[in-house]
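Single-letter residue listing:
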Amino acid sequence: VYVPDSAVKSPGLWRLNVDPASESISNPTLMAPGAGLDNDKLVGVAMGPDGNIYAGGLKNGFIYRIQNPRGDPGTMAVDIIGMTTDNRGINGSIGFIGNDLYIPENRGAAVIKNAVGCAAAANGFSLCPATALNIPYVTFAQSIATDQQHGVVYIAVDSGPSNAAIYRYTPSTGASVLYAAQAQLPGDIGS
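Residues numbered from 1 in each chain as written. Predicted model: local features only at pLDDT ≥ 70, side-chain atom pairs only at ≥ 80, totals over all residues. Heavy atoms only, no water.

## With respect to the overall build of the protein
At step 1: If you tally the helices and strands in the protein, you get one helix and 16 strands.
At step 2: Evaluated residue by residue, the protein yields a buried proportion of 43% over its 191 residues.
At step 3: For the protein, contacts bridging at least 24 residues in sequence account for 41% of all contacts bridging at least 6.
At step 4: By element, 51% of the accessible surface of the protein is carried by carbon and sulfur atoms, the whole surface being about 9500 Å². (Helix = DSSP H or I, 4+ residues; strand = E, 2+ residues; numbered from the N terminus. Buried < 20%, exposed > 50% of the residue type's maximum accessible area, 1.4 Å probe, protein only. Contact = heavy atoms within 4.5 Å. Areas by Shrake-Rupley, 256 points an atom, 1.4 Å probe, with all protein chains shown as cover.)

Rendered as structure tokens:
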């Protein structure tokens, strides 16, 4: 299990071993120490289809790729491969549909197309940009969950003074619907 650490003095990202038989967690390992993950208060991580870990944090708009996440921490490489639409940090969980990475931003949800194909910015390449998704009523995305099997993205929005809502977005068609509101699932809200 890969766990982002968003504490004020966060060292970055942790890898924990999970034993389903004993329902225990052990061997916390700091990933890629000294590679810059300690500067961003990481809040979102996702395993890419390429086996690498992708992460984003609260403090800046960088999207990181951590290579060799199952290996020795000293052999892990960290690349900055993308940037949010507004150059500000992400708000919560992130997820993949195919090679595309979906991220929650302050002005809505966004996608980095073919994130696994983005070259490392440190090698002289430009960052892969995020593209804002045109989803009505999604003005502040709080977190993202993806369903690879059905090709849909679930987006939780910041509720502010009102009740929270979750929208379901289908990238292949661009369609979006209100999925859940006021703790009621679709059958209860007519979506």
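Okay, back to it.
## Let's talk about the sheet that holds strand E13 (residues 141-147)
At step 1: The strand order E13-E14-E15-E16 describes an open sheet built from four strands, whose pairing is antiparallel. In this open sheet, the two strands that pair with only one neighbour each are E13 and strand E16 (175-181). Averaged over neighbouring strand pairs, the angle between their axes works out to 25° when direction is ignored. (Pairing = 2+ DSSP bridges. Axes fitted to C-alpha atoms, helices over the stretch in contact; angles between N-to-C directions.)

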